[in-house]
Amino acid sequence: MGKDAQVEARFPDGPDQGRLQYEPPKLLFRGAQRRVYQGDDLKGARAEAGDLVLADGSRFALGEKAAASWAEAMVNPKGRLDKLGVKPGMRTAILGVADDALAGELAGRGAETVCDLTALDILFYAADSAEELARIGDLVPALAEKGAIWVVSRKGKAATLKDVQVMAAAKAVGLVDNKVVAFSDSLTALRFTRRRP
């Protein structure tokens, strides 16, 4: 998930106030003017006197701790597997997810991708229909005690399901949602784990 805050801003062409949002790889400011920063604009972002400062001198008043956190996120952005919580040695499985790079990324991270659906640390499951959502309950036993299922669906205009439908289906089988990630340009993913007693 990205970062979001109401801020006072100082730009080379004057002050403004508005909403600042960071959803990698873009930083978006919505005030009197809409401003978008990405790529080289974010290189060298730093925290200074409670402000997030960009390469062009633009400053956003966030406070000491938040400014440092935002700058760190921009200078050292997390990769997809970091956001998905994949660690070396994890048992993972992919069911129906149309992403040619995922298996290679998992192998590169040192995660084991298996066909045997038992004791999984992470299961990536594609669901874009009511029928596919209905199968989530059958997949829960495949998870390790602290395992998670990422339900991956199309997003934007191509979406055939709403997040609330995915959450309702998972909650109906005893799962709780605890994270959402932009899985790719065309896919979103919701993370579910077993409800803790």
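Not measured: the values here are computed from a predicted model. Here the residue numbers are simple positions, counted from 1 along each chain's written sequence. Under the rules for a predicted model, residues below a pLDDT of 70 receive no local features and side-chain atom pairs below 80 are neither given nor counted, while totals for whole chains, interfaces and linings still include all residues. The basis for every side-chain value is the complete set of heavy atoms in the structure, and neither hydrogens nor water enter the calculation.

(A) Local environment of the sheet that holds strand S12 (residues 175-182). If you trace the six strands from one edge of the open sheet to the other, you get S9-S8-S10-S11-S13-S12, paired in mixed fashion. The open sheet is flanked by strand S9 (112-113) and S12, the only strands paired with a single partner. As judged from the seven bridges shared by strand S11 (residues 143-154) and strand S13 (residues 187-194), these two strands associate in the antiparallel manner. Within S13, the position partnered with Val151 by the bridge is Leu190. Contacts between helix H3 (residues 102-109) and the sheet are confined to strand S8 (91-95), S9 and strand S10 (120-126), with S8 contributing the most and set at about 175° to the helix. Every residue pair with non-hydrogen atoms within 4.5 Å of one another is taken to be in contact. Each axis is a line fitted through C-alpha atoms, taken for helices only over the stretch in contact, and angles between the N-to-C directions span 0 to 180 degrees. Runs of H or I in DSSP of at least four residues are treated as helices and runs of E of at least two as strands, each being numbered from the N terminus. Its contacts with the sheet place helix H6 (residues 163-171) against S11, S12 and S13, and it is angled at close to 20° to S13. If DSSP finds at least two bridges between two strands, the strands pair.

(B) Region of interest: the pairing of S8. As paired strands, S8 and S9 are joined by two bridges and run parallel to one another. Paired with Arg91 across the strands is Glu112, a residue of S9. Read as a crossover between parallel neighbours, the route from S8 over H3 to S9 is right-handed. In this structure, S8 lies alongside S10, joined through four bridges in parallel fashion. Opposite Ile94, over in S10, you have Phe124 as the bridge partner. By convention a crossover is right-handed if, when the strands point away from the viewer, the path from the first strand over the helix to the second runs clockwise.

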